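Survey of secondary and tertiary structure
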Amino acid sequence: MTAKRKGAEYAKIRTLRLPTGRPIPVLGQGTWRMGEDPAKRQSEIDALRLGLDLGMTLIDTAEMYGDGAAEELIGEAIAGRRAEVFLVSKVYPHNATRRGAVEACERSLRRLVTDYLDLYLLHWRGAVPLAETLEAFQLLKQAGKIRDYGVSNFDTDDMEEAFSLPGGEEIVTNQVLYNLVHRGIERDLLPWCRGRGLPIMAYSPIGHSASEQRKMFDRSQLKLIARRHHATPAQVALAWLLQRDVIAIPKASNPEHVRENRGALDLILAKKDLEELDQAFPVPCKKVPLEVK
Ligand SMILES: NC(=O)c1ccc[n+]([C@@H]2O[C@H](COP(=O)([O-])OP(=O)(O)OC[C@H]3O[C@@H](n4cnc5c(N)ncnc54)[C@H](OP(=O)(O)O)[C@@H]3O)[C@@H](O)[C@H]2O)c1
């Protein structure tokens, strides 16, 4: 399906359903490390706008990124286009008290120049009791400041605890480290979330650093599969996630990377490709604690 904007054609991308019934795009744009270098500001804004034009309308950020600078940059990038965007931000654990989370959310909204977030996540578990954070999330939802809420970096036992608390059953997603090299969540967290209809958001889907990317891209099987499909290893890594109904949020400030990432949606991996990837990047044989970045 295509839609027109300022004469340009862009494709609407596939969505998944959150447990509340709201659609969420399967492929979005991360923003960690954006907004930190004034010299890169315009190119980062341009990259995000290009991503929007290509249909990658989910933008993931956090109050932590650049101490609010990433949110400010996004506010500029989405000016006049807020309705197109599925906006996700995260609260620091130390701000996630009943009052602190409400205030942190309001600061994020001001930086993003919007009056609501599509999704608000607890960035990781800290010392503040979860019950308090959930209470704040409910207040924000009732006030229309957030549409849905969720968590990040929660392992299965954290999810079980959260779901046992008032408001816990309204958690719609868990954003975690998940890519070909880090497949630990397949042992129990991923099935646990799937069993409750919660789509997982995969962060660092193509490895966040040069060394992490080498662990993935240097594997000969990945290169072979990419060649077979006239694709890049990054596209294969993203297509692999997208084919398992996981939401992927690659960060790209290089426009070629943005286009490449969008192209991953058109790449269909065959059974043989998937089997080869399983061999090259095996799932750990037993439960491992959730890995984090
Ligand atoms: N919840 C959490 O705790 C958490 C933790 C980490 C990340 N996140 C979120 O997830 C997003 C993505 O994770 P990430 O930034 O860690 O890692 P990532 O998206 O896997 O990797 C980003 C790196 O990959 C490069 N890149 C992008 N597209 C590429 C392509 N097609 N081919 C080769 N290289 C490519 C980027 O370069 P250029 O920028 O030069 O294009 C950047 O250096 C973050 O930005 C953030 O929004 C959340």
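Check the entry above for the structure.
By convention here, each chain's residues receive numbers from 1 onward along its written sequence. In keeping with the predicted nature of the model, local features appear solely for residues at pLDDT of at least 70, side-chain atom pairs appear and are counted solely at 80 or more, and the whole-chain, interface and lining totals rest on all residues. Each side-chain value is derived from all of the structure's non-hydrogen atoms; neither hydrogens nor water enter the calculation.

1. Things to note about the pairing of strand E11 (residues 200–203)
Here E11 shows a buried face lined by Ile200 and Ala202 and a second buried face lined by Met201 and Tyr203. Two strands pair when backbone bridges link them, and strand E10 (residues 171–177) and E11 are joined in this way by four bridges, in the parallel orientation. Across the sheet, the residue bridging to valine 176 is alanine 202, located in E11. Here, strands pair whenever DSSP counts at least two bridges between them. Counting from the N terminus, the helices are DSSP H or I runs at least four residues long and the strands are E runs at least two residues long. In this structure, E11 lies alongside strand E12 (residues 247–248), joined through two bridges in parallel fashion. Bridge pairing in E12 places alanine 202 opposite alanine 248. When accessible area is computed with a 1.4 Å probe and restricted to protein chains, residues below 20% of their type maximum are described as buried, those above 50% as exposed, and intermediate ones as partly exposed.

2. Considerations on the environment of valine 236
When you line up the elements, valine 236 lands in helix H9 (residues 233–242). Given a relative accessible area of 0%, valine 236 falls into the buried group. Considering only alpha carbons, one finds valine 236 and serine 220, 16 residues apart in sequence, at a separation of 13 Å. The contact definition used throughout considers only heavy atoms, calling two residues in contact when any of these lie within 4.5 Å. In this structure valine 236 touches Leu222, Ile225, Ala226, Leu267, Leu269 and Leu277, once residues within four positions along its chain are discounted.

3. What to know about the nonpolar core
Take the buried Ala, Val, Leu, Ile, Met, Phe, Trp, Tyr and Cys residues and link them wherever side-chain atoms come within 4.5 Å; each set so joined is a nonpolar core. Counting 92 residues, the largest nonpolar core has Tyr120, Met159 and Leu277 as the members making the most contacts within it. In this view, methionine 159 contacts Val151, Phe154, Ile171, Asn174, Leu189, Trp192, Cys193 and Leu198; residues no more than four positions away in its chain are not counted.

4. Focus: helix H4 (residues 130–142)
One fewer than the residue count of a helix, multiplied by 1.5 Å, yields its expected span. Taking 1.5 Å of rise per residue, the 13 residues of H4 would be expected to cover 18 Å, and the 18 Å separating its terminal C-alpha atoms lies within 8% of that figure. Within the span of H4, buried status applies to Leu130, Thr133, Leu134, Ala136, Phe137 and Leu140. Down the axis of H4, the buried set is contained in an arc of 160 degrees. They therefore lie on one face. Against strand E7 (86–91), helix H3 (98–112), strand E8 (117–122), strand E9 (146–152), helix H5 (156–163) and E10 lie the buried residues of H4. Count one or two residues on from H4 and you reach glycine 144, which has phi positive near 75 degrees. Within this analysis, the arc is defined by the directions that extend from the helix axis to the C-beta atoms.

Nothing here speaks to function; it is geometry throughout.
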